[in-house]
Amino acid sequence: YRVEFLNYERLDEHGWSLDDEDLFEKAADANLGNADYGEITVEERETLLEAAENAGLAWPFACRGGACSNCAVAVIDGEVPIPTSHVLTQEMIDRGIRLSCITTPVTEDTKVVFNVKHMPAMEDLLL
Ligand code: FES
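Reading the values: rules and limits
- Residues numbered from 1 in each chain as written.
- Predicted model: local features only at pLDDT ≥ 70, side-chain atom pairs only at ≥ 80, totals over all residues.
- Heavy atoms only, no water.
- Salt bridge = Lys/Arg side-chain N within 4 Å of Asp/Glu carboxyl O.
- Buried < 20%, exposed > 50% of the residue type's maximum accessible area, 1.4 Å probe, protein only.
- Core = buried A, V, L, I, M, F, W, Y, C linked by side-chain atoms within 4.5 Å.
- Contact = heavy atoms within 4.5 Å.
- Phe/Tyr/Trp six-rings, centres within 6.5 Å; stacked < 30°, edge-to-face > 60°.
- Helix = DSSP H or I, 4+ residues; strand = E, 2+ residues; numbered from the N terminus.
- Lys NZ or Arg CZ within 6 Å of the ring centre and 35° of its normal.
- Pairing = 2+ DSSP bridges.

### Topic: the pattern of salt bridges
Close approach of charged atoms lets side chains of opposite charge pair.
Next, step 1: Applying the stated criterion across every chain yields a total of nine salt bridges.
Next, step 2: Here Asp22 ties to Lys26 by a salt bridge, and the two come within 3.7 Å at their closest N and O atoms.
Next, step 3: By relative accessible area, which is 26% here, Lys26 ends up partly exposed.
Next, step 4: Here the residues in one salt-bridge network are Arg2, Glu39 and Asp109, joined through shared partners.

### Observations regarding the nonpolar core
Next, step 1: Among the nonpolar cores identified, the biggest contains 38 residues, and Leu6, Ile40, Trp59, Ile97 and Val113 are the most heavily contacted of them.
Next, step 2: Aside from chain neighbours lying at most four places away, what touches Trp59 is Phe5, Ile40, Leu48, Leu49, Ala52, Val73, Val112 and Phe114.

### Quick notes on the packing of aromatic side chains
Each aromatic ring pair is characterised by the separation of its centres together with the angle its planes make.
Next, step 1: Taken as a whole and assessed by the stated rule, the structure comprises four aromatic pairs.
Next, step 2: Aromatic pair Phe5 and Trp59: ring centres 5.7 Å apart, planes at 70°, arrangement edge-to-face. Placement of the pair is Phe5 in strand 1 (residues 2-7) and Trp59 in the loop between helix 3 (48-54) and strand 3 (72-77), with a sequence separation of 54 residues.
Next, step 3: Looking at Phe5, the relative accessible area reads 1%, which means it is buried.
Next, step 4: Relative to Phe114, the ring of Phe5 has its centre 5.9 Å away and its plane inclined at 65°; by these criteria the two rings are edge-to-face. Residue Phe5 is found in strand 1, and its partner Phe114 is found in strand 5 (residues 110-114); the two are separated by 109 residues along the sequence. No difference in accessibility class separates Phe5 from Phe114, as the two residues are buried.
Next, step 5: Pairwise contacts between aromatic rings join Phe5, Trp59 and Phe114 into one cluster.
Next, step 6: Geometry around Phe61 places Arg64 over its ring, the cationic atom sitting 4.6 Å from the centre.

### Side note on the pairing of strand 3
Next, step 1: Examined bridge by bridge, strand 3 and strand 4 (residues 97-99) share three bridges and lie antiparallel to one another. Counterpart to Val73 in the pairing with strand 4 is Arg98.

### Side note on the side chain of Asp36
Next, step 1: By the secondary structure assignment, Asp36 is in the loop between helix 2 (23-29) and strand 2 (37-41).
Next, step 2: Ignoring sequence-local partners within four residues, the contact set of Asp36 consists of Phe5, Leu6, Asn7, Arg10 and Phe114.

### Things to note about unusual backbone geometry
Next, step 1: Even without being a glycine, Asn31 presents a positive backbone phi close to 60°.
Next, step 2: With respect to the helices, strands and loops of the structure, Asn31 is situated in the loop between helix 2 and strand 2.
Next, step 3: Asn31 gets classed as exposed once you look at its relative accessible area, which sits at 76%.
Next, step 4: Non-glycine residue Asn115 carries a positive phi angle of around 75°.

Take a look at the structure:
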């Protein structure tokens, strides 16, 4: 599956919001580096985090087991299922937050913002 990604820190710097309708268009036009904005392919048996690593990207993580939320991403477009065991609150899940270390998209052309652990609402969850 093809996944377009954007670094939360760049979003924050530019004053963009996760709710911006044209967030990824703005990101595409902003001349961001390859590590901050781009596209990866996720193979069937890979997690989103593994796919990023296999593409040479350094996305944040710690436990790799759904327990710390360092690897959290916000899903802007597409579907990323929720596994049974994880630390996210229902509120986070409702806002599209997923853990990249234990999930993988099931739709083509998914869009995610990684590094959302730097989002103020997430900081309480970090272990
Ligand atoms: Fe800890 Fe994903 S790395 S939840």
